[in-house]
Amino acid sequence: MTSFKTRYVSTRRGTPPTRLSEALTAGLAPDGGLFVPEWLPSLSLHEFDGATTLPAVAARLLRPFFAGDALAQQLDAICAEAFDFPAPLRALDANTWLLDLFHGPTAAFKDYGARFLAACLRRLHRGERPLTIVVATSGDTGAAVGGAFHGLPNLRVVILYPDGRVSPRQAHQLGAFGGNVRALRVAGSFDDCQALAKRALNDARLQREVPLSSANSISLGRWLPQMAYYAHAALGFLRERGEPLNFVVPTGNLGNALAALLARACGVPIGRVALATNANRTLPDFFAGGDYAPRTSVPTLANAMDVGAPSNFERLRWLIPDDDVLRTAIPAASVDDAAIRDIIVATWQRHGVAICPHTATGMHLRRSLDEAPWAVAATAHPAKFESIVEPLIGAKVEPPPALAALLVQPSRADALPNEYEALCNALRST
Ligand SMILES: *Cc1c(COP(=O)(O)O)cnc(C)c1O
């Protein structure tokens, strides 16, 4: 076992097997594909014996993925750092639970992956020139990455967001970190921000002056750790009730849902995994038998899931190559804005529980499923989307303490014209 090394290959098969540390730093595989493990580990139940806390389950589950890597010795410490807030199951009725993933510093599940990546990168970049993480965001990702890297030595974050196109609370969050986290409000769209970030990340000359890295959702360092909260919930459920728990996952780029499927493929006792999307129907149409047809995204109330070309689709195909198997094994449904509003109201009336618009897509799908036990992943706290949720339920939603603390900090973002040279200058002067 000690000499065993887990290596990572590209979904497009055009990259030689790579060590985990290298894959974590690179983000995207050099051939443009996504990194996946060369082999899937097979874990038996007894490998989790004695592991009851979230960080302990995470470390057992991720150990084979770190085998032979320079970071392997530090995996326990990395998990303790990244998973230092809980992901509890909350019962709604006899066979429905919420898996609350929003207890982190920025109140969305992306905190887990962003903090795990930060815990890895800060160990890989000791005593070198500072590394600057460039991240384009439509809201949640930038906050999670900013929060995760805030205050870490030798690491800096530059966030690009479309000026005037994120919610006021999201904008405040993005500018509230300060220190080594700088927010730039770009005179353009999210796509413009992403194009600027991509160009910088591919600019070898700029990077000789300013070493850059990415932290987007396809990074292994964000994807792999997301398995942990599904494993922790499913193992606890099985121990207590003797049956597997099924999950509904609100889905955009497919990273979170695919983490549940990956954990199951490694032997974690997870039942079925169902995918809920908003009105962006690329995945549900494919699951209903159509061709895979990426398209331009449409704006919805669940804006963190406004994705027309899910970037992790290549990983889904890698994990389950047979389309017929995929289509029969995974329930999927599209939930439009009217249905999102209805289920937010119904969940409040029936259970006295406020849910965010993303979680609402999952709750809607759960109601069309069977009597088996299902947990809906609650991907963000409703207080992050108070302008949508509060008028619907006619009540105030208090922000959780971490979010409230951020919202009273002063916030500052510098204006950036939508020009590449302006970004280069900002990166040199950060
Ligand atoms: C990012 C996000 C999603 C979608 O997750 P994917 O991994 O992209 O499928 C769902 N809900 C919230 C609140 C998010 O921030």
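Placed above this text is the structure.
Structure report, in brief.

Analysis parameters
Residues numbered from 1 in each chain as written. Predicted model: local features only at pLDDT ≥ 70, side-chain atom pairs only at ≥ 80, totals over all residues. Heavy atoms only, no water. Near = heavy atom within 4 Å. Polar contact = N/O pair within 3.5 Å; in protein donor to acceptor, adjacent residues only side chain to side chain. Areas by Shrake-Rupley, 256 points an atom, 1.4 Å probe, with all protein chains shown as cover. Nonpolar A, V, L, I, M, F, W, Y, C, P; charged D, E, K, R; others polar. Buried < 20%, exposed > 50% of the residue type's maximum accessible area, 1.4 Å probe, protein only. Helix = DSSP H or I, 4+ residues; strand = E, 2+ residues; numbered from the N terminus. Pairing = 2+ DSSP bridges. Core = buried A, V, L, I, M, F, W, Y, C linked by side-chain atoms within 4.5 Å. Lys, Arg positive; Asp, Glu negative; His and termini not counted. Salt bridge = Lys/Arg side-chain N within 4 Å of Asp/Glu carboxyl O. Contact = heavy atoms within 4.5 Å. Axes fitted to C-alpha atoms, helices over the stretch in contact; angles between N-to-C directions. Parallel < 35°, antiparallel > 145°, perpendicular 65-115°, else oblique. Left-handed = near helix turned anticlockwise from the far one by under 90°. Expected span 1.5 Å × (residues − 1).

**Brief notes about the site of the ligand**
So, step 1. Residues in contact with the ligand amount to 14 residues; listed here are only the nearest, Lys110, Asp140, Gly252, Asn253 and Thr379.
So, step 2. Interatomic distance of 2.7 Å between a backbone N/O atom of glycine 252 and an oxygen atom of the ligand.
So, step 3. The backbone of glycine 255 places a nitrogen or oxygen atom 3.2 Å from an oxygen atom of the ligand.
So, step 4. Taking 390 Å² as the accessible area of the ligand by itself, protein coverage stands at 96%.
So, step 5. Partitioned by chemical class, the residues of the shell around the ligand number 5 nonpolar, 7 polar and 2 charged.

**Focus on helix α16 (residues 357-367)**
So, step 1. Burial analysis of α16 places 9 of its 11 residues in the buried class, which makes it a mostly covered element.
So, step 2. What α16 keeps buried is the set Pro357, His358, Thr359, Ala360, Thr361, Gly362, Met363, Leu365 and Arg366.

**Regarding the pairing of strand β4 (residues 89-93)**
So, step 1. Examined bridge by bridge, β4 and strand β5 (residues 96-100) share 4 bridges and lie antiparallel to one another. When the bridges of β5 are listed, arginine 90 appears paired with leucine 98.
So, step 2. The turn joining β4 and β5, which pair antiparallel and follow one another in sequence, is formed by 2 residues.

**What to know about the sheet that holds strand β2 (residues 18-19)**
So, step 1. As summarised here, the arrangement of the 3 strands in space is β2-β1-β3, forming an open sheet in which the pairing is antiparallel. The open sheet has two edge strands with one neighbour each: β2 and β3 (35-37).
So, step 2. As judged from the 2 bridges shared by strand β1 (residues 7-10) and β2, these two strands associate in the antiparallel manner. Across the sheet, the residue bridging to arginine 7 is arginine 19, located in β2.

**Things to note about the nonpolar core**
So, step 1. With 72 residues, the main nonpolar core has Phe66, Phe116, Leu224 and Phe247 as its most contacted residues.
So, step 2. Sort the elements by how many residues they give to this core and helix α10 (residues 227-241) lands first, with 9 residues.
So, step 3. Ala339, Ile340, Val353 and Leu369 belong to the second largest nonpolar core, which has 32 residues in total.

**Quick look at the side chain of lysine 110**
So, step 1. Mapped onto the fold, lysine 110 is located in helix α4 (residues 110-124).
So, step 2. Of the side chains bearing the opposite charge, aspartate 140 lies closest to the buried lysine 110, which forms no salt bridge; the N-O distance is 4.7 Å.
So, step 3. Sequence-distant contacts of lysine 110, that is, excluding residues within four places in its chain, are made with Asp140, Thr141, Ala144, Arg222 and Ala304.

**Overview of the packing of α4 against helix α5 (residues 140-149)**
So, step 1. Orientation of α4 relative to α5, taken along the N-to-C sense of each, is 40°, at an axis distance of 8 Å. Between α4 and α5, the angle is such that the two are oblique. In this structure, α4 crosses over α5, and the sense of that crossing is right-handed. The residues of α5 that touch α4, namely those facing Lys110, Asp111, Ala114, Arg115, Leu117, Ala118 and Leu121, are Asp140, Thr141, Ala144, Val145, Ala148 and Phe149.
So, step 2. Partitioning the contact of α4 with α5 into residue classes produces 8 nonpolar, 1 polar and 4 charged.

**Structural notes on α4**
So, step 1. The end-to-end C-alpha distance of α4 is 21 Å, a good match for the 21 Å that 15 residues give at a rise of 1.5 Å each.
So, step 2. The element α4 is extensively covered by neighbouring structure, given that 13 of its 15 residues are classed as buried.

**Observations regarding the pattern of salt bridges**
So, step 1. Per the counting criterion, the structure on display carries 18 salt bridges.
So, step 2. Across the salt bridge formed by aspartate 84 and arginine 115, the nearest N and O atoms sit 3.0 Å from each other. Residue aspartate 84 is located in the loop between α3 (75-82) and β4, and its partner arginine 115 is located in helix α4; the two are separated by 31 residues in the primary sequence.
So, step 3. Under the relative-accessibility criterion, arginine 115 is labelled buried at 18%.
So, step 4. Two residues, aspartate 100 and arginine 90, come together in a salt bridge whose shortest N-O distance is 2.8 Å.

**Structural notes on the sheet that holds strand β12 (residues 332-334)**
So, step 1. The 6 strands are arranged β4-β5-β13-β10-β11-β12 in an open sheet whose pairing can be described as mixed. With partners counted over all chains shown, the strands left at the sheet margins are β4 and β12, one partner each. Averaged over all adjacent pairs, the angle separating strand axes in this sheet is 25°, with direction ignored.
So, step 2. Together, β10 (245-250) and β11 (270-277) form the strand contacts of helix α11 (residues 255-265), whose direction differs from that of β11 by roughly 165°.

**Things to note about the packing of α3 against α4**
So, step 1. Relative to each other, α3 and α4 sit at 140°, their axes nearing to 8 Å. By the angle between their axes, α3 is oblique relative to α4. In this structure, α3 crosses over α4, and the sense of that crossing is right-handed. Across the interface between the two elements, Leu75, Ala77, Ile78, Cys79, Glu81 and Ala82 from α3 touch Tyr112, Arg115, Phe116, Ala119, Cys120, Arg122 and Arg123 from α4.
So, step 2. Within the contact of α3 with α4, the residues separate by chemical class into 9 nonpolar, no polar and 4 charged.

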